[in-house]
Amino acid sequence: MTISRDAVLDWLKAFAATINENAAYLTQLDSDIGDGDHGANMNRGMQAVLTALPGVADKDVGSIFKTVGMKLVSTVGGASGPLYGTMFMQMGNATAGKMELTLDDWVAAVQAGYDGVIMRGKAQPGDKTMVDALTPGLAALKGQRDNGAAIPEALNAAAAATRQGMEATIPLVARKGRASYLGERSANHQDPGATSSYYLMKTAAETWK
Amino acid sequence: MKKLINKPEDVVVEELHGIEAAHPDLVKVHYEPNYIVRADAPVKGKVALVSGGGSGHEPMHGGFVGLGMLDAACPGAVFTSPTPDQMLEATKAVNGGAGVLHIVKNYTGDIMNFEMAADLARGDGVEVESVVTNDDVAVKDSLYTAGRRGVGITVIVEKIAGAAAERKHSLKEVADIARQVNDNGRSMGMALTSCTVPHAGKPTFELGDDEMEIGIGIHGEPGRTRMKLKTVHEIVEMMASAIVDDLPYKSGDQVLAFVNGMGGTPLIELYVVYNELHNFLKGRGIKIARNLIGSYITSLEMAGCSITLLELDDQLQALWDAPVKTPGMRWGA
């Protein structure tokens, strides 16, 4: 099994829909420890992505991801814009010219996106950011690939691990972003960026089954 | 939520239309991407100053575009950093051939977006330097946080660096002066009420009638400590001693004292704060050589204030006194 270009487009639409449905929830999480704009900003960005997708529907996966990245950078703002924008642009570099993705291709794309997030945001695991969700998600994905898992199985495991990583941000004290200004008071809240990152992996598993 | 806005998603653009209609002699407004430039931009041979940040801090930054201050300002959504495409276009629009200085408040989003914009501008052959403001003493443990926030000193950096650029100093010299102002400035803020981000529709945090929040930033983010309301005398002593002890400011120093309203505090209260600050500094042997009192860097309708001190030397004082003609600050011109 491979992931077709159309399936990639379906995933992006599913991610946009999930962000739209959960925009108020993400904003609430961000109000608790940040500045209360994560849901609105991500929703604005993904709605802009939806308008751009028809223009690249006949292009390779790399071009699609790069277009998503550019659109997010120019519409989201805040920290999420550069972070998610850089993630998708790097995923685009890793999948340039490909019309469909194998599991190996997808692992390479997620790895490149993850490296882009680290490069841009300079966060480490444990800082209470999206990195805390993505790190175990990427590790699970690689473990499944190495064990010869099929795509749906690997994606389900990655989504479950990302979810655990997201939930594990609850007790953490933030060391990056606006939440870090709260010190100890940032503990006992789930990180909004880790939550939107979980939606990425969750919608991938739900779309490519 | 009761606000004088039509629709939350239109508030920034409608504000820009208002600025454009009110100040055609001072500024021009560009839409999609959104930015404000001074009416005579680009000024040939002058270093251009570009700043920007989330909206909701008015008059900063758009109100400080004009002679003697900024060449361009990029407004983001409310409390959200603007995006690199805005900053890139604004940078190119005001570049007069002497380079462009980006003035960036130390917030994760602003830093990342300006970094991307500076990379893109350099790729297009524009010389760009960046100065980051981080004057908020309320943030401790800088190693374990995103670092001190850029707050009140940003207004003063924009004024003084703007005057230096007007005198045709080089990009490096203007950047060095901006860094000197940031390095010798310290601030702290406090809130009596929260504020409501239009698209959120409810206050960012709850504060009891008899409570205040000390060490707030400018985005409605809660501060570090919440306590029972005290007298202005006690509040100013708490804030001013944290500021004075941090640099530290010493007996015999000459300072610029900036008492800023957060958006929902009347001038009468700011003068009560200034009076307490004046007395406190006098007790420490610190002389206020210049002052600024009013709401210049705000947090929507938040009630509260911030105090900023800047240690002055003759050069900084002369640059502060130099003419400025912008919608939000005007003297000598």
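Look a little higher up for the structure.
Scope of this entry: the structure provided in the associated data block. Because the structure is predicted, anything quoted here is derived from the model rather than measured.

**Let's talk about the sheet that holds strand S5 (residues 100-105) of chain B**
Sheet strands pair by backbone hydrogen bonding; their relative direction is either parallel or antiparallel. All names here are of chain B. In spatial order, the strands read S1-S2-S4-S3-S5-S6; together these six strands make up an open sheet with mixed pairing. A strand with exactly one partner marks an edge of an open sheet, and here the two such strands are strand S1 (27-30) and strand S6 (128-133). Strand-to-strand twist of the sheet, defined as the mean angle between neighbouring strand axes without regard to direction, takes the value 20°. Looking at chain direction, strand S3 (residues 48-55) and S5 are connected through four bridges and run parallel.

**Remarks on empty space enclosed by the protein**
Taken as a whole and judged by the stated rule, the model has three cavities of 30 Å³ or more. Empty space within the largest cavity amounts to approximately 570 Å³. Taken together, 34 residues line the largest cavity, and the ones lying closest to its centre are Ala-79, Ser-80, Leu-83, Gly-177 and Arg-178 of chain A. Contributions of two or more residues to the lining of the largest cavity are made by helix H2 (23-33), helix H3 (38-52), helix H5 (80-94), helix H6 (103-121), helix H7 (130-146) and helix H9 (192-207) of chain A together with helix H3 (108-123) of chain B. Ranked by the residues each element gives to the lining of the largest cavity, the list is headed by H3 of chain B, at four residues. A class-by-class count of the residues in the lining of the largest cavity yields 13 nonpolar, 13 polar and eight charged. By volume, the second largest cavity amounts to about 100 Å³. Every residue along the wall of the second largest cavity is listed here: Trp-11, Met-87, Met-91, Trp-106, Val-110, Gly-113, Tyr-114, Leu-134, Leu-200 and Met-201 of chain A. Listing elements by their share of the lining of the second largest cavity, those giving two or more residues are H5, H6 and H9 of chain A. Per-element tally for the lining of the second largest cavity: the top contributor is H6 of chain A, with four residues. A per-class count over the lining of the second largest cavity returns nine nonpolar, one polar and no charged.

**Overview of the environment of Ala-157 of chain A**
Residue and element names in this part refer to chain A. Inspection of the secondary structure puts Ala-157 in helix H8 (residues 151-167). Through-space distance from the C-alpha of Ala-157 to that of Pro-54 is 31 Å; in sequence the pair is 103 residues apart. Those residues within four positions of Ala-157 in sequence are excluded, and the remaining contacts are Ala-140 and Gln-144.

**Points about the interface of chain B and chain A**
Taken residue by residue, the interface counts 36 residues in chain B and 32 residues in chain A. The junction of chain B with chain A conceals about 2,500 Å² of combined surface from both sides, 55% of it contributed by carbon and sulfur atoms. Inspection of the chain B/chain A interface yields two salt bridges. Sorting the residues of the side of chain B that touches chain A by element identifies helix H2 (84-94), H3 and strand S9 (225-228) of chain B as the ones contributing at least two each. Examining the composition of the side of chain B that touches chain A, we find that seven residues originate from one element, H3 of chain B, more than from any other.

**Considering the layout of surface pockets**
By volume, the largest pocket is sized at about 1,000 Å³. Lining the largest pocket are 45 residues, and of these Arg-44 and Thr-75 of chain A together with Glu-9, Ala-77 and Val-78 of chain B sit closest to its centre. When contributions to the lining of the largest pocket are tallied by element, the ones reaching two or more residues are H2, H3 and helix H4 (61-75) of chain A together with helix H1 (11-22), strand S4 (72-78) and H2 of chain B. Element by element, the count of residues in the lining of the largest pocket is highest for H2 of chain A, at six residues. In the lining of the largest pocket, the residues fall into 19 nonpolar, 17 polar and nine charged. There are two domains that each give the lining of the largest pocket at least three residues, and those are domain 1 (10-184) and domain 2 (185-320) of chain B.

**Describing the pairing of strand S12 (residues 304-311) of chain B**
All names here are of chain B. Among the eight residues of S12, seven are classified as buried, and the element is accordingly described as predominantly covered. As paired elements, strand S10 (residues 254-261) and S12 share seven bridges and run antiparallel to each other. From the neighbouring strand, Val-259 faces S12, where its bridge partner is Ile-307.

**What to know about the pairing of S1 of chain B**
Residue and element names in this part refer to chain B. Judged by which residues are buried, S1 turns out to be one-sided: Val-27 and Val-29 face inward and are buried, whereas Lys-28 and His-30, on the alternate face, are not. Relative to strand S2 (residues 35-38), S1 runs antiparallel, the two sharing four bridges. Each bridged residue has a counterpart across the sheet, and for Val-27 the counterpart in S2 is Arg-38. Connecting S1 to the antiparallel partner S2 that follows it, the hairpin turn spans four residues, and Glu-32 within it adopts a positive phi of roughly 50°.

**Here we look at the pattern of salt bridges**
Once the charged atoms of two side chains with opposite charge are near each other, the side chains can pair. Residue and element names in this part refer to chain B. Under the criterion given, the structure shown has 26 salt bridges over all chains. For Asp-176, the salt bridge identified is with Lys-172, shortest N-O distance 2.7 Å. With Asp-176 and Lys-172 both in helix H5 (residues 171-183), this residue pair falls four residues apart, about one helical turn. Residue classification places Lys-172 among the exposed residues on the basis of a relative accessible area of 53%. A salt bridge links Arg-179 to Asp-176; the nearest nitrogen and oxygen atoms lie 3.6 Å apart. Of this pair, Arg-179 and Asp-176 both sit in helix H5, three residues apart, roughly one helical turn.

**Details of the sheet that holds strand S7 (residues 185-191) of chain B**
Residues and elements named next belong to chain B. The sheet built from six strands is open, its strands ordered S9-S8-S7-S12-S10-S11 with mixed pairing. At either end of the open sheet lies a strand with only one pairing partner, and these are S9 and strand S11 (287-294). Along the sheet, successive strands turn relative to each other by an average axial angle of 20°, direction set aside. Examined bridge by bridge, S10 and S11 share seven bridges and lie parallel to one another. Directly across from Gln-254, in S11, lies its bridge partner Lys-287. Contacts from H5 reach S7 and S12 within the one sheet, and its direction differs from that of S7 by about 55°. Contacting S7, strand S8 (211-214), S9 and S12, helix H6 (residues 232-246) crosses the sheet at an angle of about 155° to S7.

**Considerations on unusual backbone geometry**
For the bond from Ala-41 of chain B to Pro-42 of chain B, the omega torsion is -5°, close enough to zero to count as cis. The residue Pro-42 of chain B is located in the loop between S2 and S3 in this model. A cis amide bond links Leu-247 of chain B to the next residue, Pro-248 of chain B, at an omega of -10°. Locating Pro-248 of chain B in the fold gives a position in the loop between H6 and S10. Not every positive phi belongs to a glycine, and Lys-122 of chain A is a case in point at roughly 55°. Relative to the helices and strands, Lys-122 of chain A is located in the loop between H6 and H7. Judged by its relative accessible area of 48%, Lys-122 of chain A is partly exposed. Look at Lys-168 of chain B: it is not a glycine, yet its phi comes out positive at around 65°. In this fold, Lys-168 of chain B is placed in the loop between helix H4 (153-166) and H5.

What counts and how
- All residue numbers here refer to positions counted from 1 along the written sequence of the relevant chain.
- Each chain takes a letter, starting from A, and each ligand takes a number, starting from 1, following the order in which they are written.
- For this predicted model, a pLDDT threshold of at least 70 governs which residues receive local features, and a threshold of 80 or more governs which side-chain atom pairs are given and counted, while totals over whole chains, interfaces and linings are taken from all residues.
- Excluding hydrogens and water, the side-chain values take into account all heavy atoms of the structure.
- Should DSSP find at least two bridges between two strands, the strands are taken to pair.
- Secondary structure counts use DSSP, requiring at least four H or I residues in a row for a helix and at least two E residues in a row for a strand, with both numbered from the N terminus.
- Only the stretch in contact is used when a helix axis is fitted, and all axes are lines through C-alpha atoms; the angle between N-to-C directions ranges over 0 to 180 degrees.
- Any residue with an atom within 4 Å of a point lines the site, the site being either a cavity, points on a 1 Å grid over the protein atoms alone where a 1.4 Å probe fits but cannot get out, or a pocket, an open set with protein on both sides within 12 Å along at least 5 of 7 lines.
- Grid points are joined across faces, edges and corners, and a volume is the space filled by probe spheres set on the points.
- Residues are sorted three ways: Asp, Glu, Lys and Arg are charged, Ala, Val, Leu, Ile, Met, Phe, Trp, Tyr, Cys and Pro are nonpolar, and all the rest, Gly among them, are polar.
- Here, two residues are considered to be in contact whenever any of their heavy atoms come within 4.5 Å of each other.
- Accessible-area loss on putting two parts together, using a 1.4 Å probe and summing over both, is the definition of buried area adopted here.
- Note on definitions: salt bridges are taken to be side-chain nitrogens of Lys or Arg within 4 Å of carboxyl oxygens of Asp or Glu.
- For each domain, the first and last residues come from an automatic or database assignment.
- Residue burial is assigned from relative accessible area. The probe radius is 1.4 Å, only protein chains are included, and a residue is buried under 20% of its type maximum, exposed over 50%, and partly exposed in between.

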